[in-house]
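Geometric and topological summary
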Amino acid sequence: MNAEIEDAFAALSVRAKIAVLARAIHMETIHNRDQPESAERLYRSSEFIHRLVGFIMSLAYRPEDFQRDATWASKTLVEGVAVHGQPYLAKLHDWIVEVRMVS
């Protein structure tokens, strides 16, 4: 299922990708607020959020350059969400489906 989610994300428009990344950042922030864990886990979460924000910046300023990192971005997104379990991956998939029509 991870590869399916990665492919679906990669196929989105620039605007839709930004929407999914922003929603993932929002989810990650809420998860950390509601379920604080170890300092190591918070550090990894901060790095995940940092990467997602970087992808948004790339998409917003130079979407043509983002194509070089699209596979890495898709994998980073899915792997970062997957640490929270299958229900979160299902949510990510739902978000991608919801924004497919955003241009």
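Above this note sits the structure.
All of these numbers come straight from a predicted model, not from anything done at the bench. Residue positions are counted from 1 within each chain, in the order its sequence is given. Whole-chain, interface and lining totals are the exception, using all residues; otherwise, since this is a predicted model, local features are given only for residues with pLDDT of at least 70 and side-chain atom pairs are given and counted only at 80 or more. Here the side-chain values reflect all heavy atoms present in the structure, with hydrogen atoms and water set aside.

1. Structural notes on the packing of aromatic side chains
- What counts as a ring pair is set by centres within 6.5 Å for rings of Phe, Tyr and Trp (its six-membered ring), and what kind of pair is set by the plane angle: stacked under 30 degrees, edge-to-face over 60, tilted for all other angles. For the structure shown, the criterion picks out two aromatic pairs.
- Centroid distance Phe55 to Phe66: 6.1 Å. Interplanar angle 80°. Geometry classified as edge-to-face. One end of the pair, Phe55, is in helix H3 (residues 39–61); the other, Phe66, is in helix H4 (residues 63–82), with 11 residues separating them in the sequence.
- Each residue is placed in one exposure class: buried if its accessible area under a 1.4 Å probe, protein chains only, is under 20% of its type's maximum, exposed if it is over 50%, and partly exposed if it falls in between. Judged by its relative accessible area of 4%, Phe55 falls in the buried class. In this text, helices come from DSSP runs of H or I with a minimum length of four residues, and strands from runs of E with a minimum of two, each type numbered from the N-terminal end.

2. So, the packing of helix H1 (residues 2–10) against H4
- Between H1 and H4, the least distance of the axes is 9 Å, while the angle of their chain directions is 130°. Relative to H4, H1 is oriented oblique. For H1 against H4, the interelement crossing comes out right-handed. Residues Asn2, Ile5, Glu6, Phe9 and Ala10 of H1 form the contact with H4, whose own contacting residues are Ser74, Lys75, Leu77 and Val78.
- Side-chain classes are defined by residue name, with Ala, Val, Leu, Ile, Met, Phe, Trp, Tyr, Cys and Pro counting as nonpolar, Asp, Glu, Lys and Arg as charged, and the others, Gly among them, as polar. Across the contact of H1 with H4, the residue classes tally to five nonpolar, two polar and two charged. Here an axis means a line fitted to C-alpha atoms, over the contact stretch when the element is a helix, while the angle between two N-to-C directions is reported on a 0 to 180 degree scale. Note on terminology: angles under 35 degrees are roughly parallel, angles over 145 are roughly antiparallel, angles of 65 to 115 are roughly perpendicular, and the others are oblique. A crossing counts as left-handed when the near helix is turned anticlockwise from the far one by less than a right angle, and as right-handed when that turn is clockwise. By definition in these notes, contact holds between two residues if any of their heavy atoms fall within 4.5 Å.

3. Some words on the packing of H1 against helix H5 (residues 86–99)
- Close contact between H1 and H5 brings their axes to 10 Å; oriented N to C, the two are set at 30°. When the axes of H1 and H5 are compared, the pair comes out roughly parallel. As for how H1 packs across H5, the hand of that crossing is left-handed. Together, Asn2, Glu4, Ile5, Ala8 and Phe9 of H1 and Leu89, Leu92, His93 and Ile96 of H5 make up the contact between the two elements.
- Grouping the amino acids of the contact of H1 with H5 by side-chain chemistry returns six nonpolar, two polar and one charged.

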